[in-house]
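# Chains, contacts and geometry: an overview
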Amino acid sequence: MTFRSRIISILFCVLYIGMLASVFVSCSKESGEEATKQTTPAKISKVTKKKSPLEKWKPDFNPKTAEYKCIVSNVSHPAIKGVYAGFAIRDELWKRTNGRIYLDYKPFSMLGGEVEVLNQLQMGAIQGMSCSSVASTNLGPRFGLVNLPFLINSFDKLDKFIAVQDQKLFNHFLMSMDHQGIMALDITGYGNYGWASTTPIKSIYDAKKVKFRTAEAAVNQLLYKTWGFNAVVMPWPDVPIALKQGVIEGLDHAPTVCSLTKKFDVCKYFTQINYAQGLFIWLFNKTWFNSLPEDLQEIFKDVVHEVCADIRKQSKQQELAQIQAAKDKGIEFFKLSDQEITKLKKQANAVHSKYADEINKLYDGDIYRPKNYLRTVQFYMGYSPLHKQDD
């Protein structure tokens, strides 16, 4: 074979191999496509969108037409009357202002934990917040008054505190964050504080063996330290996982909250201590509020006051109903003996003394300026260690 023939033969071989490779790739592609056709459903089902937790409470009006918008946060569940108040305020504001103000209410810790959200409120990133009384002390120490043990520790005592002549005591309480650029308009509640737990607590001895979750609040931390209990400070959104994992074994909270937020799914016991009333304080950024026209400011305040007053009445009945509902599901309720409650009260009195300076401190914006605000409230409420008024 000549050199030229060899070259031609080699070229033909290369061409033939290329043709075979092309056919192989083509067949592989067709096989792959066929396999895909066989393994892929003819119709791809649509991805189900997760419903918004607010779907049940969405407004029956178009909020986009509002002239003013107010974002308001809360960490808990609207099934609790004191939390639901936000939606009632939203709807009544819309009605009374003819759609000029839309209160965009965000419960369920949608904006984060309370300490985080308080900072957002102060900076003006949001306009309002329904803040628990325990967390409110982070920017308004005077709010700690209602957290003091055995002082305002029933629905009737709370009504008495609010209804004092000319409301000077209550209004001074509401001024607690004024110096921070935050105004408090009113309160709703969530009931009487006690201990939800994974093991029965029938005595102080039992309580000392439990790791209690407490709020990020100075008064509560001081109280549990005084009682000699094991307190774990924790933001509310972290509680469900902590309970399931055994990081905590008890909750310092109210039965209504434990029932409606499903904490009784894990905690099968509740000890009724009734040492304080849990409140939601309705806070608003002063700069935002003052930017509203005067007529809308008045309507805004009237609506908040009226709704809160109505909700407070409902909250009392809700606690009774939720305690019964929990009992019907097998949750066991206990009370400490009178002797042990007396012991807790005596120890807790030290918290009143230690926190007095924070509560009594006066600021430039305060109109009512008592010499000793705490002592005045203690006397008015009939707090047992005191016998005379010092105003």
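Data block above holds the structure.
Residues numbered from 1 in each chain as written. Predicted model: local features only at pLDDT ≥ 70, side-chain atom pairs only at ≥ 80, totals over all residues. Heavy atoms only, no water.

### Let's talk about the overall build of the protein
Scanning the protein from N- to C-terminus turns up 14 helices and 11 strands. Considering the protein as a whole, with its 391 residues, one finds that 50% of them fall into the buried category. In the protein, the proportion of contacts linking residues at least 24 apart, taken out of those at least 6 apart, comes to 76%. Counting only carbon and sulfur atoms, one obtains 54% of the accessible surface of the protein, whose full area is about 19900 Å². (Helix = DSSP H or I, 4+ residues; strand = E, 2+ residues; numbered from the N terminus. Buried < 20%, exposed > 50% of the residue type's maximum accessible area, 1.4 Å probe, protein only. Contact = heavy atoms within 4.5 Å. Areas by Shrake-Rupley, 256 points an atom, 1.4 Å probe, with all protein chains shown as cover.)

### Overview of the sheet that holds strand β4 (residues 182–192)
Spatially, the 5 strands line up as an open sheet ordered β2-β1-β3-β10-β4, and their pairing is mixed. The open sheet has two edge strands with one neighbour each: β2 (101–106) and β4. Here the average twist between neighbouring strands, direction ignored, is 20°. Strand direction decides the pairing type here: strand β3 (residues 128–132) and strand β10 (residues 277–285), joined by 5 bridges, are antiparallel. When the sheet's bridge partners are listed, Gly128 is paired in β10 with Phe284. (Pairing = 2+ DSSP bridges. Axes fitted to C-alpha atoms, helices over the stretch in contact; angles between N-to-C directions.)

### Focus: the pairing of strand β1 (residues 68–73)
Burial runs high along β1: 5 of the 6 residues are buried. The sheet contact formed by β1 and β2 spans 6 bridges and is parallel. Bridging from a neighbouring strand, Val72 pairs with Tyr105 of β2. Between β1 and its parallel partner β2, the chain crosses via helix α2 (residues 81–96), and the hand of that crossover is right-handed. Two elements, β1 and β3, share 2 bridges in a ladder whose sense is parallel. The residue bridging Val72 from the neighbouring strand is Gly128, located in β3. (Right-handed = clockwise from strand over helix to strand, strands pointing away.)

### Overview of the pairing of strand β6 (residues 211–214)
Sheet topology note: the β6/strand β7 (residues 230–233) ladder contains 4 bridges and is parallel. When the sheet's bridge partners are listed, Arg213 is paired in β7 with Val232. Handedness of the crossover joining β6 and β7 through helix α8 (residues 218–227) is recorded here as right-handed.

### Considering the packing of aromatic side chains
Evaluated as defined, the whole model comprises 31 aromatic pairs. On the numbers, 6.2 Å between centres and 20° between planes, the contact of Phe170 with Phe173 is stacked. Highlighted residues: Phe170 and Phe173, both in helix α6 (residues 168–174), separated by 3 residues, approximately one helical turn. A residue is classified by how much of its surface remains accessible, and Phe170, at 3% relative accessible area, is buried. Consider the rings of Trp288 and Phe300, whose centres lie 5.7 Å apart with planes at 70°: the pair is edge-to-face. (Phe/Tyr/Trp six-rings, centres within 6.5 Å; stacked < 30°, edge-to-face > 60°.)

### Comments concerning the state of the cysteines
For the coordinates displayed, the defined rule picks out 0 disulfides. Here Cys267 is not disulfide-linked; the sulfur of Cys258 is the nearest cysteine sulfur, at 6.5 Å. A residue is classified by how much of its surface remains accessible, and Cys267, at 0% relative accessible area, is buried. (Disulfide = S-S within 2.5 Å.)

### Focus on the packing of helix α13 (residues 338–360) against helix α14 (residues 373–381)
Where α13 meets α14, the closest approach of the two axes is 8 Å, and the angle between their N-to-C directions is 115°. Each of His352, Ala356, Ile359 and Asn360 in α13 lies in contact with α14, whose residues at this interface are Tyr373, Leu374 and Gln378.

### Quick look at α14
For α14, every residue scored as buried is listed here: Tyr373, Leu374, Thr376, Val377, Gln378 and Met381. Buried residues belonging to α14 abut α5 (155–162), α6 and α13. The positive-phi residue at the C-terminal boundary of α14 is Gly382, with phi of around 75°.

### Brief notes about empty space enclosed by the protein
One pass over the full model with this rule turns up 2 cavities of 30 Å³ or more. There is about 110 Å³ of room inside the largest cavity. The volume enclosed by the second largest cavity comes to roughly 40 Å³. Together, Glu114, Ala135, Arg213, Ala215, Glu216 and Trp236 line the second largest cavity. Residues of the lining of the second largest cavity, tallied by class, amount to 3 nonpolar, no polar and 3 charged. (1 Å grid on protein atoms, 1.4 Å probe; cavity = no way out; pocket = protein on both sides within 12 Å on 5 of 7 lines; lining within 4 Å. Points joined across faces, edges and corners; volume = space filled by probe spheres on them. Nonpolar A, V, L, I, M, F, W, Y, C, P; charged D, E, K, R; others polar.)

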